[in-house]
Amino acid sequence: MTRRLAIRAAIATFALGMLACGPARAADSVDPAADKAAFQKFFTSKFPKLKLEDFVNGPYSMNEDLHKQWEEKEQFPPYEFSLEAGKEMFTTPFKNGKTYADCFPNKGIGIRQNYPYFDEKEGKVVTLELALNRCREANGEAPFSYVKDDMAALTAYMAFTSRGKPMDIQIPNDPRALQAYQKGKEYFYTRRGQLNFSCATCHIQSPGERIRAEVLAPALGILNAMPIYRSEWSGMGTTSRRFTTCNSQIRGVPLNPQDDEYRNLEYYLSYVSNGLPISGPGARP
Amino acid sequence: MSGAIRAIFAASALLLATASTALAASEADYKAAYAAAEAANKEAGALRNQWTTTASTLSAAKKAGDAGDFDTAVAQAKEAEALAKASIFQATSEKERWKDMEVR
């Protein structure tokens, strides 16, 4: 009798344990493919009239008047000077005679959609901006500032050669890659700064709404248009500039460009926009 | 009687003296308050979650301290410490709370 009771108690404890562990494991498991599907479904349900590929146009996809302005703007795009400068920089040899093309697959043409990638050797995410500066340093050149001007021009040119190609970020079967992805997701949803905003507060909860005079862009496809010319900045800005500016706008001290957090964030945000076309360089109000 | 009056005067003088010390902050008060605020902000930095307002309030405290205005300096340092502690609370609570906002 006592034995039977003990067995019953053990079975009950096991069942309880399974019940307790089940939901926790489900919430904590890392499933990028399921995340991407849910993420894209969220936006297509929220904006049912919008085609998936239109999300890459940011605020211009959210507002008819702005869309008209954008179409007119694209006749003489404000990023054109930067694009031309980037092309020239990209093809001009370094002092040692090599060029950027020597550092990248397919000579750096039409590869933007594959960045950032997870470098299994380094065990970290490598962004296009980081790869460009590493290329410069490997060839005896000083690195560029990550936030504007030269870096924006170079990435503008590289994005232009990938225009229309679907974002294609790979997550290799490596627990470190999954961890980097998960950390990026965590950063995206974590509230920070005195204003207690996360990236999601603006770009998930409120795309299409106004924050002061600005129309907020949807998170889906937000990096496909990078780098961008922003009228507010009166110039070009890179993904690094976008991230650091967002942090300071919510009264958070920005991290250093290309710190692990930002690299992981870019990895996450780019992955969930897989399949949407590269539209960079872009222009924003 | 005169003894009692003297005692009252003495007590009043003592009260006034301690009251004025409590109102006017000293350099030591400022340094202690500033160090506490700086330590809290450093902790927020380790959590990768410093606020710009903490930094600017700390700067204001230092500016007032350097100018010898220790009352303002202490008030600003205490404000900076409160901001830093709020940022620590935010970073700690968000370790789990971020999941509430996740699109699933």
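This text goes with the structure placed above it.
Please read these numbers as outputs of a predicted model, since none were measured by experiment.

1. Considerations on the state of the cysteines
Residues and elements named next belong to chain A.
Stage number 1. Here the structure, examined in full by the defined rule, presents one disulfide over all chains.
Stage number 2. The side chain of Cys103 participates in a disulfide bridge whose partner is Cys135; the two sulfur atoms lie 2.0 Å from each other. Disulfide Cys103 to Cys135: torsion about the S-S bond roughly 70°, handedness right-handed. With a gap of 32 residues between them, Cys103 in the loop between α4 (80–91) and β1 (117–119) and Cys135 in helix α5 (residues 128–138) connect regions that are remote in the sequence.
Stage number 3. A residue is classified by how much of its surface remains accessible, and Cys135, at 3% relative accessible area, is buried.
Stage number 4. Distance from the sulfur of Cys199, which forms no disulfide, to the nearest cysteine sulfur (Cys246) is 6.6 Å.

2. Structural notes on the interface of chain B and chain A
For an interface, size is often stated in terms of accessible area lost upon the parts coming together.
Stage number 1. Each side of the interface is counted separately: chain B has 15 residues, and chain A has 26 residues.
Stage number 2. Buried area between chain B and chain A, both sides added, is near 1,900 Å², and the carbon and sulfur share of it is 57%.
Stage number 3. Sorting the residues of chain B by area buried against chain A places Trp98, Met101 and Val103 of chain B first, and these three jointly supply 37% of that buried surface.
Stage number 4. If you look at where chain B meets chain A, you find three salt bridges.
Stage number 5. Glu261 of chain A is the salt-bridge partner of Arg48 of chain B, the closest N and O atoms lying 2.6 Å from each other.
Stage number 6. Viewed at the interface, chain A and chain B are joined by ten residue pairs in polar contact (both at pLDDT 80 or more).
Stage number 7. For the side of chain B that touches chain A, the secondary-structure elements that each account for two or more residues are α3 (52–66) and α4 (70–97) of chain B.
Stage number 8. Sorting elements by how many residues they give to the side of chain B that touches chain A places α4 of chain B first, with three residues.
Stage number 9. Looking at the side of chain B that touches chain A residue by residue, the classes come out as five nonpolar, five polar and five charged.

3. Structural notes on the pattern of salt bridges
Stage number 1. Taken as a whole, this structure holds 19 salt bridges over all chains when the rule is applied.
Stage number 2. In this structure, Arg230 of chain A engages Glu232 of chain A in a salt bridge whose closest nitrogen and oxygen atoms are separated by 2.9 Å.
Stage number 3. On the basis of relative accessible area, Glu232 of chain A is assigned to the partly exposed category, the value being 41%.
Stage number 4. Between Glu27 of chain B and Lys31 of chain B there is a salt bridge; the shortest N-O distance is 3.5 Å. Here Lys31 of chain B and Glu27 of chain B lie together in helix α2 (residues 27–46), a separation of four residues that amounts to about one turn.
Stage number 5. For Glu27 of chain B, a relative accessible area of 42% translates into the label partly exposed.

4. A few points about the layout of surface pockets
Stage number 1. Estimated volume of the largest pocket: approximately 810 Å³.
Stage number 2. Every residue lining the largest pocket is counted, 39 residues in all, and those nearest its centre are His203, Leu216, Arg242, Cys246 and Gln249 of chain A.
Stage number 3. Counting only elements with at least two residues in the lining of the largest pocket, the list comes to α7 (175–189), α8 (199–203), β4 (214–215), β5 (228–230), α9 (239–249) and α10 (260–271) of chain A.
Stage number 4. With five residues, α9 of chain A is the single largest residue contributor to the lining of the largest pocket.
Stage number 5. Broken down by class, the residue content of the lining of the largest pocket amounts to 26 nonpolar, six polar and seven charged.
Stage number 6. What the second largest pocket holds in volume is close to 350 Å³.
Stage number 7. Around the second largest pocket, the lining is made up of 15 residues, and of these Glu186, Tyr187, Thr190 and Arg192 of chain A together with Leu47 of chain B lie nearest the centre.
Stage number 8. Residue assignment for the lining of the second largest pocket shows that the elements contributing at least two residues are α7 and α10 of chain A together with α4 of chain B.
Stage number 9. Residues that form the lining of the second largest pocket fall into these classes: three nonpolar, three polar and nine charged.

5. A short note on the packing of α4 of chain A against helix α6 (residues 149–160) of chain A
A pair of packed helices can be characterised by two numbers: the angle between their axes and the separation between those axes.
All names here are of chain A.
Stage number 1. The interhelical angle for the contact between α4 and α6, taken along N-to-C directions, is 90°, at an axis separation of 7 Å. Taken together, α4 and α6 sit at an angle that is classed as roughly perpendicular. Residues Ser82, Leu83, Ala85, Gly86, Lys87, Met89 and Phe90 of α4 pack against Asp150, Ala152, Ala153, Leu154, Ala156, Tyr157, Met158 and Phe160 of α6.
Stage number 2. Among the residues making up the contact of α4 with α6, the classes are represented as eleven nonpolar, two polar and two charged.

6. Things to note about empty space enclosed by the protein
All names here are of chain A.
Stage number 1. In total, this model carries three cavities of 30 Å³ or more according to the counting rule given.
Stage number 2. The computed volume of the largest cavity comes to approximately 100 Å³.
Stage number 3. Around the largest cavity, the lining residues are Arg112, Thr127, Leu128, Glu129, Thr155, Ala159, Met226, Pro227, Thr239 and Glu266.
Stage number 4. Of all the secondary structure elements, the ones that give two or more residues to the lining of the largest cavity are α5 and α6.
Stage number 5. Its residues assigned to classes, the lining of the largest cavity shows four nonpolar, three polar and three charged.
Stage number 6. The space that makes up the second largest cavity amounts to roughly 50 Å³.

Cut-off values and rules
- Residues numbered from 1 in each chain as written.
- Chains lettered and ligands numbered in written order.
- Predicted model: local features only at pLDDT ≥ 70, side-chain atom pairs only at ≥ 80, totals over all residues.
- Heavy atoms only, no water.
- Disulfide = S-S within 2.5 Å.
- Helix = DSSP H or I, 4+ residues; strand = E, 2+ residues; numbered from the N terminus.
- Buried < 20%, exposed > 50% of the residue type's maximum accessible area, 1.4 Å probe, protein only.
- Contact = heavy atoms within 4.5 Å.
- Buried area = accessible area lost by both parts, 1.4 Å probe.
- Salt bridge = Lys/Arg side-chain N within 4 Å of Asp/Glu carboxyl O.
- Polar contact = N/O pair within 3.5 Å; in protein donor to acceptor, adjacent residues only side chain to side chain.
- Nonpolar A, V, L, I, M, F, W, Y, C, P; charged D, E, K, R; others polar.
- 1 Å grid on protein atoms, 1.4 Å probe; cavity = no way out; pocket = protein on both sides within 12 Å on 5 of 7 lines; lining within 4 Å.
- Points joined across faces, edges and corners; volume = space filled by probe spheres on them.
- Axes fitted to C-alpha atoms, helices over the stretch in contact; angles between N-to-C directions.
- Parallel < 35°, antiparallel > 145°, perpendicular 65-115°, else oblique.

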